[in-house]
Amino acid sequence: MRISDFSIKRPVFTIVTMFLVLILGAVSFIKIPVTLIPELNPPVAVVVTSYPGASPEEVSEKVTKPLEASLSTLPGLKRMQSSSQEGANLIFLEFDWSSHIDDVQTDVMQRIDSTMIPDDANKPLFMKFDPSQFPIIQMSLTSGAKGEDVRLIAEELEKELRRIEGVASVNISGSLVEEIQIVLKADKLEERGLTQSDIVQVIQSNNISMPGEPVQTDEGQRLTTRILSTLTSVEEIADLTVTVNPLNGEKVMIKDIAEVKLAEPQSNTETRANREPAVLLSVLQESGTNTASVSKEFKSSLDELLKKDEYKSIHADILFDQGDYVQLAINNIGSSLILGGIFAMLVLFVFLRGVRSPLIIGVAIPYSVIVTFVLMYFADFALNIMTLGALALGIGMLVDNAIVVIENIERHLTLGKSPKQAASEGTKEVGTAITASTLTTIAVFVPVIFISGLIGQIFLEFALTISFSLLASLAVALTVIPMMASRLLRKPKGNLEARRRRSKAYNNFERSIKWSLGHRVLMLVFTVILLIASVFGIIQVGTEFLPPTDEGFVSANVRLENGSSLEATKEVVNSIEDRLELEEDIDVFVSLVGGTQQDQAQGTMRAHMAEIYIKLVPLDERNRSVFEFVDDVQPEIVEMVGERAEVRFNLQSAAGSQPNSLTFTVTDSDAQRLNKTIDMISAEMEKLPNVLEVTNNVDEKVEEVNITVDRAAANEFGIAPVQLAQLVNNATRGVPATQIITEEDEVYSVFVQYEPELFGSVEQLSKMKIRTPAGQFIELQQVADVSVAEGPISIRRIDQSPSVSFTIRYTSSETLGGMTDVVNERLEALNLPKETDISYGGDRELFEESIDDMILAVLLAVVLVYIVMAAQFESFNYPFVIMFTVPLMIIGVALGLVSTQTPLSIPSVIGILILIGIVVNNGIVLVDYINQRKSEGLSTDDAIVVSTRDRVRPILMTALTTILGLIPIALGLGEGTEINQPMGIVVIGGLVSSTFLTLYIVPIVYSLFDRRKKQDDQ
C-alpha cells in the first residue's frame, strides 16, 4: 500500500506527525468537558395556569379542557397529560423526539393566546425542560451548638457559596423567612366599625413611591420628581392612624386594634437531618460548565468556609453529589480502559515471545486513544460513561489491525526478506483485509444514526467514539506499525515456519480441521442444535430497558390520610427514623415533615405528607446494592407503619429511568366505568408475587367547608356574592398589604390577618362578622350556609380522557419483561371492557419504543456489513460465507447472559450490534488468505487447511486481546460501570463462540460453496 511505503521511506515525517497528533490530543483531552451521560434534551414541556379560588371541577371545565382542545392539534404531539386541582392546573406535553421544543414553543403560545379562559384566571405559562435546573449537589446543614438557629447561619453561608465559579444559584429549603405580621383583633375592629380592608388601605396609602412630572429649575436643569412616603419599621406601621374618634378626637392607631410584630409565617413544616434541626441546600451549576469541576470547587470552598470561626458549629452532610458520582464513574471506566490495555499487552507478550513486536503493537493503544480525543474534541463530545465506555469496550480491538500486520511482517522476515521489504510486502498483503474488517466494524454503527428517542441520544456519541478509535487504529496499523517494524524488527534466528510445522499444537489443530472437513454434516447439525438452545436461553433471561445504576441514594414518600395533622405525620416519620437508625449502610437521612421539597420551594405545605432522603455509604463500604437495601427495608417499614400511612420508596438511575418499576395507565371515556375497572385491577395487582408495592394516582375525596351564598339574604343587606367571597377569602387567608425596606436595606412583606383562633372550627367560621354597606355588622351564617362536604383533590386526564396510572415496584430479583408478562396475563384474565385502554409508560414504554429501532439497526448492520465485504471482495459468494460467523455469536451471547443472569437490555443489543462488526473480521482475514493461497495454485481443501493453520495465531491473538480488554468492563467494578457491563458480557461471550466455531464452520461453508461454484462453472 502506498501509504505504508511512504511511512517506511519517510520515518522522520511519520514521527513528527505522531508528535503533532500527540500534542493536539493532550490539548483536546484537557479541554473536553466531563459529564455523566451525553446531554439529553427530552421534547417535553408544561403549561401551567393559575385560577385562584377555583375548585378542581371548575379548573377542569373552564381552563383545562379548553386548553387541551387547542393544544391537541400541535404537530408532533405524542401524549398530553393534565392534572386539575384547586386553584391551578398543569398540562404535560410530550412530543416526538424529532421535534425541537424551541420550534414548538411558538405554536404552543399561539394556541394558548387563542383559547378562551375565565378573565380571573392568570395567563397560562409555558415552561420547557431545562437540565440545568436540576441540582448537582444536595446537602443538609445542621448545627452542633445548642440554641443556635441553623437557618440564620445557612443564609450567611449561602451568600458566600453563590460566589463560587460555575455555581448559578444555591437554594435553601427550610430557610428562615420573616415578615411583618399585623394580627387583627376582631372585637376591637367591630367596636370601632372597622374591617380588614380598612387596615390594608391605610398601610398601602402610607407606603408609596410615585413619579411626578419633570420640572425646570432656574439653572436650566430638567429634573424628575418623585412623591415619597415610605414605611421603614414595625414601629412606624404600628403608629399609623386608621381613624379618629369623632366624639373625643382620639386617634385610633393600628397598634390599638392589632398586634404588630416581626415574625416567621406560621409554618407546619420541619426539616431535620439524623433527627437534628436542619436546612436542605441545593446547588445549581451554570449552563455549559464542567459538572465534576464545579462540584470539586464547591466542596473545596465549603470546607474552607466551615473552618472559619462563625461557621465552626455547622456540619454538612452531602446527600447527592452528581459531580462526585461523575468523577467516580469516569475514574472506574478509565481504570477499566487501562486494565484492558494491560491485559491486551500481556496477550501480545505471551504469543509473540519477544519485546520489540509487543512494544510496537503497544503503541497502537495509547496513540489510537489520543487520536480519538482529537476527533471527540472537534465533534463537540464530552468525556462521559458512554464515550469512555466506548473506548474501554474497543480497547482490545485497537490492536487487532496492528497484530495482523506485525504477525504477517514477522512471517515475511522468516522467509529471508529484509526488514523494509518484509514491512512493505507484509502490510500490503493484509492491508485490504484489515481495511475491510475495520470498515465492516464501523458499518454496524451507521444504523445507530437512525435510532430515535432517548436511546438514540445516549448511544450516538458511543457509536461515533468507537468508530473514531477504530479509524485511528487502522491509520496506525498502516503507517506507524510498518515504519517502526522496518526499523526495529530483525530476521529471527532459526526457521520459525519449520518450528511451527513441527509444533504438536499446530499439527493437532491441522488434523482437527481436516476431520471437520470430512464430517461437515455432523459439525453443522451440532452447531444448529447449539443455536436453538441459545435462543431458548436468551428468552429465559428476561428483558429490561437499561441496567440500574447504584448511586447510593433513595427517597421515601410518606402520605397519611388527607386532613391528618402535622403531629400525626411526625409520629409516623419518627417511627420510620427509628428503623433507619438500625441500618449500618446509611450515611445520613434527611426528613422533610409537612410537605415535599417542591412544596417548600413553592411556599406551600401539606401537613399529611413527608419526604425522607436516604444517602448510603459508598458502594465499596457496603455488601449490598441500593436495590437490595430497598428490598430488605421497605417491606419492614410498610408493615411497621401499617394502615397509618402509605410509604413509597423511589429510586432513580443515571439515565433518568426508574429501576425495578412497571408503570401503566388505564384510560376510559366513561369515568364511572373507569372507577369500576380501577377497583378490579387494584385488587388483582395486589396478589402479584415478588411485588413490594402497588400504587395508583387515584386521589381520595377530601372534606372541605362549603360556603353557599344565600343570594336573597345577601341582597337584603346590600352584599354581592363576589364581595362576600372576597371578604371570606381575605379573612381566612390573610392579605399581603405591601413591602417595606428598612434602614438596614432589609425587605419585609407586610401581612394583615385575623387571629388564627377565630376560624378554629366550622361554627366559629359561620359566626365571622361582616360589615354591610350600611355599616352594620352581621354574621356570615345570616347570608350563607356553612357546611362540610366532600370534593376531589385533583382531576387527571390523558389525551382528553379520564385516566389513572398504576406503578408496580418489584424486587430486584425480577425483570421488567418478566413482570410485564405476569401483569398482561392478569389483565387479560379480568376481561376488561373493550372501551378501556391500557398503555405502558416509564421504562417499559421506552423499551418497546427502542427495541424496534434496535432490531432494525441490527438488520441494517448485517446488510451493510455484507455490502462492504461484497465491495471489498468483488464477489457476492465469499461475503455470504463470512456472514455465517454472525449466527455463531448467538451461542456465546446466550452463554454469557444465562451464566451471569443478566437480562437482555438495550446495552446488550448494542453489544450484539458491535459483535456483528467484530465476528466477521476473523472470517474476512481467513477467506482472504484462502483466496490468496488458491491463486498460488493450491487446491481448495489444501488452501483451507494451510490458511486456517497460518491464520489461527493472529485470529486467537486478536480475539484474546479484545476479550481480555473487555474483562474489566464485564466485571462492572465500581459505580458508573453498570450501563456498559451487559455490552462487555455480550461481546466476550459472542466473541468466544464465534472465534472458536469460525475456525471450523467458515472452512466447511467455504468448501461447500466452492464445490457448488465449480459445478456452476462446469
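A quick note: this is a predicted structure, and the numbers were derived from the prediction, not measured.

Quick look at the sheet that holds strand 24 (residues 747-754) now. The four strands are arranged 12-7-24-23 in an open sheet whose pairing can be described as mixed. Of all strands in the sheet, those with a lone pairing partner are strand 12 (258-263) and strand 23 (735-741), marking the two edges. The average angle at which neighbouring strand axes cross in this sheet is 20°, direction not considered. Two strands pair when backbone bridges link them, and strand 7 (residues 179-184) and strand 12 are joined in this way by six bridges, in the antiparallel orientation.

Turning our eyes to something else, we now look at the packing of aromatic side chains. All chains considered together, the criterion is met by nine aromatic pairs. Plain terms: the ring middles of Phe29 and Phe373 are 4.9 Å apart, the flat faces sit at 45° to each other, and that makes the pair tilted. Remark: Phe373 occurs in helix 13 (residues 364-378) and Phe29 occurs in helix 2 (residues 11-31); sequence separation between them is 344 residues. On the basis of relative accessibility, which here comes to 9%, the residue Phe373 falls in the buried class. Aromatic pair Phe553 and Tyr613: ring centres 6.1 Å apart, planes at 15°, arrangement stacked. Here Phe553 is found in strand 16 (residues 553-559), whereas its partner Tyr613 is found in strand 18 (residues 609-616), with 60 residues between them in sequence. Each of the two residues, Phe553 as well as Tyr613, counts as buried. Pairwise contacts between aromatic rings join Phe664, Phe806 and Tyr840 into one cluster. Here the basic side chain of Arg933 rests over the ring of Tyr929, its NZ or CZ set 4.2 Å away from the ring centre.

Our focus in this paragraph is helix 16 (residues 419-443). Its 25 residues give helix 16 an end-to-end C-alpha distance of 34 Å, which sits within 8% of 36 Å, the value for a rise of 1.5 Å per residue. Its maximal kink placed at Gly431, helix 16 deviates by approximately 45°.

Attention now moves to unusual backbone geometry. Residue Asn274 is not a glycine yet carries a positive backbone phi of 50°. If you trace the backbone, Asn274 turns up in the loop between strand 13 (270-273) and strand 14 (276-285). Here Asn274 falls in the partly exposed class, since its relative accessible area comes to 32%. Notably, Asp799 is not glycine yet its phi reads approximately 50°, a positive angle. Checked against the element boundaries, Asp799 lands in the loop between strand 28 (794-798) and strand 29 (801-810). Since its relative accessible area comes to 41%, Asp799 is described here as partly exposed.

Our next topic: the side chain of Glu845. Checked against the element boundaries, Glu845 lands in helix 30 (residues 842-873). Here Glu845 falls in the buried class, since its relative accessible area comes to 13%. Once you skip the residues sitting within four places of it in the chain, Glu845 turns out to touch Lys78, Arg79 and Tyr840.

As a further point, take the environment of Gly389. Of note, Gly389 is situated in helix 14 (residues 385-393). Distance in space between the C-alpha atoms of Gly389 and Asp256 is 73 Å, their sequence separation being 133 residues. The contact partners of Gly389, leaving out residues within four places of it in the chain, are Ile333, Asn384, Phe462 and Asn980.

Calculation criteria
- Residues numbered from 1 in each chain as written.
- Predicted model: local features only at pLDDT ≥ 70, side-chain atom pairs only at ≥ 80, totals over all residues.
- Heavy atoms only, no water.
- Pairing = 2+ DSSP bridges.
- Helix = DSSP H or I, 4+ residues; strand = E, 2+ residues; numbered from the N terminus.
- Axes fitted to C-alpha atoms, helices over the stretch in contact; angles between N-to-C directions.
- Phe/Tyr/Trp six-rings, centres within 6.5 Å; stacked < 30°, edge-to-face > 60°.
- Buried < 20%, exposed > 50% of the residue type's maximum accessible area, 1.4 Å probe, protein only.
- Lys NZ or Arg CZ within 6 Å of the ring centre and 35° of its normal.
- Expected span 1.5 Å × (residues − 1).
- Bend = angle between axes of the 7 residues up to and from the residue.
- Contact = heavy atoms within 4.5 Å.

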